[in-house]
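Overview (structure and organization)
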2 protein chains.
Amino acid sequence: MEFHLSPNGGVCSPRGFRAAGVTAGLKPSGQPDLAMLFSEAPAQVAGAFTSNLFAAAPVEWDRRVIRKERPVRGVVVNSGVANACTGARGAEDARAMAAYAAQRLGVETDEVLVSSTGVIGEFLPMETIRHGIDLAVEALSPEANQAAARAIMTTDTVEKRVSVTFSLGETPVTIGAMTKGAGMIAPQMTLCQSRPRQATMLAYFTTDAALEREALQQALDQALGRSFNRIVVDGDTSTNDTMLVLANGMAGNPVIRPDTPEVKIFAEALEACAVFLAKAMVMDGEGVTKFVELQVSGTLDDLGARQIAESIARSPLCKTAWYGADPNWGRILCAAGYSHVPFKPTQVDLDFDGLPVVRSGLAAPGSSPERLAEVLRKRSFQVSLSVGSGPGRFVLWTCDLSHDYVKINADYHT
Amino acid sequence: MEFHLSPNGGVCSPRGFRAAGVTAGLKPSGQPDLAMLFSEAPAQVAGAFTSNLFAAAPVEWDRRVIRKERPVRGVVVNSGVANACTGARGAEDARAMAAYAAQRLGVETDEVLVSSTGVIGEFLPMETIRHGIDLAVEALSPEANQAAARAIMTTDTVEKRVSVTFSLGETPVTIGAMTKGAGMIAPQMTLCQSRPRQATMLAYFTTDAALEREALQQALDQALGRSFNRIVVDGDTSTNDTMLVLANGMAGNPVIRPDTPEVKIFAEALEACAVFLAKAMVMDGEGVTKFVELQVSGTLDDLGARQIAESIARSPLCKTAWYGADPNWGRILCAAGYSHVPFKPTQVDLDFDGLPVVRSGLAAPGSSPERLAEVLRKRSFQVSLSVGSGPGRFVLWTCDLSHDYVKINADYHT
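Quick look at the structure, then. Note that the structure is predicted; figures quoted are calculated from it, not measured.

How each quantity is defined
Residues numbered from 1 in each chain as written. Chains lettered and ligands numbered in written order. Predicted model: local features only at pLDDT ≥ 70, side-chain atom pairs only at ≥ 80, totals over all residues. Heavy atoms only, no water. Helix = DSSP H or I, 4+ residues; strand = E, 2+ residues; numbered from the N terminus. Rg over C-alpha atoms; globule rule 2.2 N^0.38 Å. Buried < 20%, exposed > 50% of the residue type's maximum accessible area, 1.4 Å probe, protein only. Areas by Shrake-Rupley, 256 points an atom, 1.4 Å probe, with all protein chains shown as cover. Lys, Arg positive; Asp, Glu negative; His and termini not counted. Charge placed at Lys NZ, Arg CZ, Asp CG, Glu CD. Contact = heavy atoms within 4.5 Å. Buried area = accessible area lost by both parts, 1.4 Å probe. Salt bridge = Lys/Arg side-chain N within 4 Å of Asp/Glu carboxyl O. Polar contact = N/O pair within 3.5 Å; in protein donor to acceptor, adjacent residues only side chain to side chain. Nonpolar A, V, L, I, M, F, W, Y, C, P; charged D, E, K, R; others polar. Phe/Tyr/Trp six-rings, centres within 6.5 Å; stacked < 30°, edge-to-face > 60°. Least-squares fit on C-alpha atoms with pLDDT ≥ 70 in both. Expected span 1.5 Å × (residues − 1). Axes fitted to C-alpha atoms, helices over the stretch in contact; angles between N-to-C directions. Parallel < 35°, antiparallel > 145°, perpendicular 65-115°, else oblique. Pairing = 2+ DSSP bridges.

1. Notes on the overall build of chain A
Within chain A, the regular secondary structure consists of 11 helices and 16 strands. Against the compact-globule benchmark of 22 Å for 414 residues, chain A has a radius of gyration of 22 Å, which places it among compact chains. Oriented by its inertia axes, the alpha-carbon framework of chain A measures out at about 70 × 50 × 35 Å. Going through the 414 residues of chain A one by one, you find that 64% of them count as buried. Carbon and sulfur atoms make up 50% of the accessible area of chain A, which totals about 14,100 Å². Side chains of chain A give 38 positive and 45 negative charges; the mean places of these two sets differ by 2 Å.

The following block contains the structure:
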């Protein structure tokens, strides 16, 4: 199904959602640092979170809220401080952040979700947070797609948002979203009930479609697995990763039940938005100059293909070669070769944007480093690795490792 | 037991070994690029090799030679071209390299081991190799400790060699060694009979001690596990990793049998040399400015501690923070938290050179970023992470990720 995404849309695009992005004063830079999202009607919610053992206090709060299986009304997000590794005080701060926002919004504390992103191990300056919440409540507006998306940024250079409108039967419905990423990006989030795996990124989706909670989770699970869970920037994974979807039903469509054609359509639309944002996140990754689509196939199963793709995507030697447009394809075979996935080297083929580079484990006949270097100089290219005749396949979106990545992260504090 | 290592020694220090390092013409730079090692007497040999599925042709040749369980006489090593991912022609080139050296040395082809290091996917220029072998045979000398160690270097900035002399009963015996490393360093080599794991590094040990082949393997296995198999530079692992130990028995000691007090003493001496060289390899890693000893403890078993240590040692965010002396300790907890090793965040303690940084998963009382930054500005420091009360522990030696690492690897060809 074709969806027409609007990069100018955002979390306020669906009916009944208002948002705000303000400067509370958490960032030394004075950039916007607190975002708020509010739904006029109670919204069903589904969420996925980091699997890091050091899951941040706001993540734990959101898990508790979502496990209540009750509708929610709002979300408050701060950047600058992650409220991770902060123990009981951090947990109390997350709860207080939700409670204060709830009071100012006239809703219940457990109807408000919270997120934080920034430095690990520091406590939230609660006075500043409360001040930001005051400002945000005043600023709430249906026109805040951009302001909210900017307020959740950390090392991002551009805000990332999108919306899509499509029909469910007779009813037009809209999905809006915003996300931030840049560093600590290797998401493998799972539904908060499931056994967690990992991802630092924040992603918020809103929709005016009406869905049963379980249907919303089905859609989130599909969209997540085909978007944020297949990107790797630096291979590092955070304590705060959060993906939330709020559905307030104000479109008035017949409520979508699980395992129906309608949930399938909704899930595809959600996936389209999530893929758009996931790719944008890689493009805007810390110091990124090259976007690389890794296509691995021929393994016994998809998990094996994924393991090989992640081995390549995490390889400093592959990533620096891409950065330097160095036609050093041996590094890719090398990274596949130590991925602990079994395959026959003599059955390996490698292509860059359709240019044959390796055939049966050897330099492809007539391949030239010059032509490969031409591909590598592009802003974006595909690397296709086939390791056999098995049915396993996986596509992963990743990037290069540049001087700027080192620069950004060798002194994150300043 | 105390061993007095000599950094001026090398592979020629034991009786009956001669070596050479010459410029065959493989490197555009004109630096020495071919080394030869020769034993006047037949030498027992033990070896460990990369586990990469794309094991290079010389690795496969050496495995075949060692599996014959017969004494050997020499080793030829070239830098500049790795002879990896070169198929049948690469295999024939490796054999021809051994055969030509054997002929010039007046020994059998299967008495000569070969190694290659450099760019993957290119064929050996055999004319140049033969020319180098001619030069090396002429240059063989008992004074070539430095020349041989220099000829195996790639991106290394200093040659790495050592020797030690100690007593076995009444008999003084000597071990000499040389190694190269710098990039693609995350060795986890295994004996060529065992199921392989991984490592790019070359390490050659010689000794005039007399050992049965199995005793020599026991010693290699112990030394390897406590040295090269516990270092990580970039976490990338090569197709050519090789560790060889040649024992020619010319010291005249009673032949050492397996599982004896003598083999234990010999293994400790071998280990002392290997640890010295492994640390030197990390110090001289590509772009390295900081040497970091990671001590992880409190896991259920040593493997869990190792997995956490490797997760930290491979984390670009931890490594860039060390480079920038950024007191961002949260990144270390984060990397431990996504290592898939189970532990309780509330039981985690973290120290840098004895400075308490984290206690029970929280910033240690009175800890200051300034004092932590002081430690991080040192050329070398210890990071001690305790994640519980389990008996598991592991020590790993690693380094930072600097601008120079990116510079060196973004254009390896030039």
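2. Overview of the interface of chain A and chain B
Taken residue by residue, the interface counts 53 residues in chain A and 53 residues in chain B. Here chain A meets chain B over a buried area of about 4,400 Å², counting both sides, of which 65% is carbon and sulfur. Across the contact surface, chain A and chain B share zero salt bridges. Across the chain A-chain B interface, the total number found is 12 residue pairs in polar contact (both at pLDDT 80 or more). Elements with a minimum of two residues in the side of chain A that touches chain B: α8 (316–323), α9 (330–337) and α11 (403–410) of chain A. With six residues, α11(A) is the largest single contributor of residues to the side of chain A that touches chain B. Here the side of chain A that touches chain B is composed, by residue class, of 25 nonpolar, 22 polar and six charged.

3. Here's the deal with the packing of aromatic side chains
Applying the stated criterion across every chain, the model contains 10 aromatic pairs over all chains. Consider the rings of B:F166 and B:F266, whose centres lie 6.4 Å apart with planes at 50°: the pair is tilted. A relative accessible area of 6% means that B:F166 is categorised as buried. A relative accessible area of 0% means that B:F266 is categorised as buried. Each residue in the set A:F3, A:F166 and A:F266 is aromatic and connected to the rest through ring pairs, giving one cluster.

4. With respect to the relation of the copies chain A and chain B
Take chain A, turn it by 180°, move it 0.0 Å along the axis, and it overlays chain B with an RMSD of 0.0 Å. Expressed as an axis order, the relation between the two copies is that of a two-fold axis. When C-alpha distances to the rotation axis are compared across chain A, the minimum falls at A:H403, with a value of 2.9 Å. Both copies share a contact surface, since 100% of the interface residues of chain A are interface residues in chain B too.

5. A look at helix α2 (residues 87–105) of chain B
All names here are of chain B. For α2, built from 19 residues, the straight-helix expectation of 27 Å at 1.5 Å per residue is met to within 8% by its first-to-last C-alpha distance of 27 Å. Listed in full, the buried residues belonging to α2 are G90, D93, A94, A96, M97, A98, A99, Y100, A101, A102 and L105. Tucked inside the fold, the buried residues of α2 contact β3 (34–49), α1 (57–67), β4 (72–81), β5 (112–119) and α3 (126–139). Positioned one or two residues after α2, G106 has a phi angle of 70°, which is positive.

6. Observations regarding unusual backbone geometry
One can expect most non-glycine residues to show negative phi and most peptide bonds to be in trans. Residue and element names in this part refer to chain B. A positive phi angle, near 50°, is found at A325, a position not held by glycine. The residue A325 is located in the loop between α8 (316–323) and α9 (330–337) in this model. Here A325 falls in the buried class, since its relative accessible area comes to 14%. We note that H340 has phi near 70°; this positive angle belongs to a residue other than glycine. The residue H340 is located in the loop between α9 and β12 (349–352) in this model.

7. A few points about the pattern of salt bridges
The tally for this structure, following the rule as stated, stands at 42 salt bridges over all chains. Of the charged contacts in the structure, one is a salt bridge between A:E40 and A:R18, with a shortest N-O distance of 3.7 Å. Of the two residues, A:E40 is situated in strand β3 (residues 34–49) and A:R18 in strand β2 (residues 17–22); the sequence distance between them amounts to 22 residues. When its relative accessible area of 42% is taken as the criterion, A:E40 is described as partly exposed. According to the relative accessible area criterion, A:R18 is partly exposed, its value standing at 27%. Residue B:D351 pairs with B:R359 through a salt bridge whose shortest N-O separation is 2.7 Å. The exposure class assigned to B:R359 is partly exposed, which follows from its relative accessible area of 28%.

8. Points about the packing of α11(A) against helix α11 (residues 403–410) of chain B
Taken N-terminus to C-terminus, the directions of α11(A) and α11(B) make an angle of 170°; their axes are 9 Å apart at the nearest point. Between α11(A) and α11(B), the crossing angle belongs to the class labelled roughly antiparallel. Judged by residue contacts, A:H403, A:V406 and A:K407 of α11(A) engage B:H403, B:V406 and B:K407 from α11(B). Within the contact of α11(A) with α11(B), the residues separate by chemical class into two nonpolar, two polar and two charged.

9. Structural notes on the sheet that holds strand β11 (residues 291–298) of chain B
Residues and elements named next belong to chain B. Taken in spatial order, the six strands of this open sheet run β14-β13-β12-β15-β11-β16, and their pairing is mixed. The sheet is open, and its two borders are formed by β14 (362–363) and β16 (390–399), each paired with just one other strand. As paired strands, β12 and strand β13 (residues 355–359) are joined by three bridges and run antiparallel to one another. Residue pairing in the sheet places D351 in a bridge with P356 of β13.

10. Some points on the sheet that holds strand β15 (residues 380–386) of chain A
All names here are of chain A. On the basis of which strands lie adjacent, the open sheet formed by six strands has the order β14-β13-β12-β15-β11-β16 and mixed pairing. The open sheet terminates on both sides in strands that have one partner only, identified here as β14 (362–363) and β16 (390–399). Looking at chain direction, strand β12 (residues 349–352) and β15 are connected through four bridges and run antiparallel. Of the residues in β15, the one forming a bridge with D349 is S386. Where α8 meets the sheet, its contacts fall on β11 (291–298), β12, β15 and β16, and the angle it forms with β16 comes to roughly 60°.

11. Here we look at the environment of B:G392
Residues and elements named next belong to chain B. With respect to the helices and strands, G392 occurs in strand β16. Distance from G392 to T299, taken between C-alpha atoms, is 4.5 Å for residues 93 residues apart in sequence. Setting aside residues up to four positions removed in sequence, G392 forms contacts with V296, S297, G298, T299, L300, D301, D302 and A305.

12. Considering the environment of B:A215
Residue and element names in this part refer to chain B. Note on placement: A215 falls in helix α5 (residues 213–225). Spatially, the C-alpha atom of A215 lies 9.5 Å from that of V255, the residues being 40 residues apart in sequence. Beyond its immediate stretch of four places on either side in the chain, A215 contacts I256, R257, P258 and V263.

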